[in-house]
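# Geometric and topological summary
Here's the letter readout for the chains.
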Amino acid sequence: MPKKNQTDTKVSSTKHIPVMKAEVLDYIRPKLGQSYLDLTAGYGGHAEAVLNLTNSPNKAVLVDRDDQAVAVLKDRFAEVGAKIIHQDFLKATQYLTSEGMHFDMILADLGLSSPHLEEADRGFSIKKPAVLDMRMDRRQELTAQVIVNTWPEEKLATIIRDYGQEPKARRIAQRIVRNRPIDTTDKLAAIISPIWPGRSKIHPASRTFQALRIVVNDEIGQLEQTLQQLPDLMAPGGRLVIISFHSLEDRLVKRFISEQSSEGYDTQLRALTKKPLTPSRNEIVFNPRARSAKLRAVVKIKTKKKGLSVKLNVY
Ligand SMILES: C[S@@+](CC[C@H](N)C(=O)[O-])C[C@H]1O[C@@H](n2cnc3c(N)ncnc32)[C@H](O)[C@@H]1O
């Protein structure tokens, strides 16, 4: 596929290594001329692999809520005819549904990109001192700094417990409130660290950082509501692949697939993965960020037509 020179973009597409690329292609099975919706197109690694096989970039819609990712996507794919949407995937899918669009392949590779973690000014990383930001979409007002400095202790404890799965959420919330104002990642990490003394595999503040980024970006709400839109956006025989990176997301995806594919429900989807696929050892060695990935895939086997159900045989 023709590509423009990328030297003028701020972040190079090579900064994010697409996770489980071979498995994505295996399950999404791109064919010449097919349409593709990438809900989290990021730096375009998966999109490029898919579009190289479909050779139909004019039937591709690439969504991301991050301005840096969108700049790279525009640079790489706009010229060859792909539609690029700078929006969260809930609003994007609502729009595409209202336009009556259907896709042969849909991919959601959830979570953060490598530049989110590597670029200090994004404020996602415990290891990089920065202002507590954590917004994927920098047009929105809510930042981690706002939550940490203004939310009541009780509410902080709840989100740290529920979204960070942190057993010491109450004590952490108490320390946060006592140490306000907290403007930076390193200050927050230092405030939390004494709560988990001694050596541990993960940083003592990891679970709190996870909770904050989930809330700042409404990750659970976005996924829960978007999943409900996806069956209508899938063409008959269309395939959907979702890669998640934490158990809260995977639980939602698992429940969605099991509901949509169970008898008695208005069955539309069939699971292609009984259990989630995980990356190979080799991939994890090469790209440690892949280590928590879980991939699930489904195919649309039934389509509703004016109250009439048509069952398709799809293998
Ligand atoms: C793991 S990266 C995807 C990388 C991409 N598959 C690639 O090959 O470069 C996740 C991307 O999804 C975006 N993202 C996460 N949640 C989103 C949402 N709710 N709506 C739109 N984009 C989202 C992030 O900004 C990030 O760029």
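Our subject is the structure that appears above.
This write-up is about the structure you can find in this document. (Residues numbered from 1 in each chain as written. Predicted model: local features only at pLDDT ≥ 70, side-chain atom pairs only at ≥ 80, totals over all residues.)

## Here's the deal with the overall build of the chain
- When helices and strands are counted, the chain shows 13 helices and nine strands.
- Counting across all 315 residues of the chain, residues that qualify as buried make up 43%.
- Sequence separation of 24 or more characterises 66% of the internal contacts of the chain that already satisfy a separation of 6 or more. (Helix = DSSP H or I, 4+ residues; strand = E, 2+ residues; numbered from the N terminus. Buried ≥ 20, exposed ≤ 12 C-beta atoms within 10 Å, placed from the backbone. Contact = placed C-beta atoms within 7 Å.)

## A closer look at helix α3 (residues 67-78)
- Taken together, the buried positions of α3 are occupied by Gln 68, Ala 69, Val 70, Val 72, Leu 73, Arg 76 and Phe 77.
- On its buried face, α3 is in contact with α2 (45-54), β2 (60-64), β3 (83-86) and α5 (114-118).

## Some points on the pairing of β3
- With four bridges connecting them, β2 and β3 associate as parallel partners. Residue pairing for β3: Val 61 is matched across the bridge by Lys 83.
- Handedness of the β2-α3-β3 crossover: right-handed. (Pairing = 2+ DSSP bridges. Right-handed = clockwise from strand over helix to strand, strands pointing away.)

## Here's the deal with the sheet that holds strand β6 (residues 269-271)
- Read across the open sheet, the seven strands follow the order β3-β2-β1-β4-β5-β7-β6; overall the sheet is mixed. Looking along the sheet, the strands with just one partner apiece sit at the ends: β3 and β6. Mean inter-strand twist for the sheet, computed between neighbouring axes without regard to direction, equals 15°.
- Of the strands in this sheet, β4 (103-109), β5 (234-244) and β7 (294-300) are in contact with helix α1 (residues 21-28), which crosses β5 at around 160°.
- Contacting β2 and β3, α3 runs over the sheet at an angle of about 170° to β3. (Axes fitted to C-alpha atoms, helices over the stretch in contact; angles between N-to-C directions.)

## Considerations on the site of the ligand
- The environment of the ligand is formed by 21 residues, the closest being Pro 18, Thr 40, Gly 42, Gly 45 and Asp 66.
- Breaking the shell around the ligand down by element, the ones donating at least two residues are α2 and β2. (Near = placed C-beta within 6 Å.)

## Some remarks on the packing of helix α7 (residues 153-164) against helix α8 (residues 169-178)
- Between α7 and α8, the least distance of the axes is 8 Å, while the angle of their chain directions is 135°. With respect to α8, the element α7 is oriented oblique. Crossing geometry of α7 relative to α8 is assigned as right-handed. Along the contact surface, α7 presents Glu 153, Leu 156, Ala 157, Ile 160, Arg 161 and Gly 164, while α8 presents Ala 169, Arg 170, Ile 172, Ala 173, Gln 174, Ile 176 and Val 177. (Parallel < 35°, antiparallel > 145°, perpendicular 65-115°, else oblique. Left-handed = near helix turned anticlockwise from the far one by under 90°.)

## Brief notes about the nonpolar core
- Grouped together as the largest cluster of nonpolar side chains are 55 residues, with contacts concentrated most on Leu 62, Ile 106 and Val 241.
- Non-local contacts of Leu 62, meaning those with residues more than four positions away in its chain, are made with Asp 38, Ala 41, Ala 47, Leu 73, Phe 77, Ala 82 and Ile 84.
- Membership of the second largest hydrophobic core comes to 25 residues, among which are Val 148, Ile 192, Ala 211 and Leu 212. (Core = buried A, V, L, I, M, F, W, Y, C linked by C-beta atoms within 7 Å.)

## What to know about the environment of Arg 139
- Along the polypeptide, Arg 139 turns up in the loop between α5 and α6 (144-150).
- On the neighbour-count criterion, Arg 139 (9 C-beta atoms within 10 Å) is exposed.
- Spatially, the C-alpha atoms of Arg 139 and Arg 65 are 9.3 Å apart, while their sequence positions differ by 74 residues.

## Thoughts on the packing of α1 against α2
- At their nearest, the axes of α1 and α2 sit 10 Å apart, and the two run at 45° to each other. Between α1 and α2, the angle falls in the class oblique. Between α1 and α2 lies a crossing of right-handed hand. Seen from α1, the contacting residues are Lys 21, Val 24, Leu 25 and Ile 28; seen from α2, they are Gly 45, His 46, Ala 49 and Val 50.
- Of the residues contributing to the contact of α1 with α2, the split by class is five nonpolar, two polar and one charged. (Nonpolar A, V, L, I, M, F, W, Y, C, P; charged D, E, K, R; others polar.)

## Side note on the environment of Asp 38
- Within the secondary structure, Asp 38 is located in strand β1 (residues 36-38).
- Using a count of 28 C-beta atoms within 10 Å as the deciding quantity, one classes Asp 38 as buried.
- For the pair Asp 38 and Val 61, spaced 23 residues apart in sequence, the C-alpha to C-alpha distance is 6.3 Å.
- With sequence-adjacent residues up to four places away left out, Asp 38 is seen in contact with His 46, Ala 47, Leu 62, Val 63 and Leu 107.

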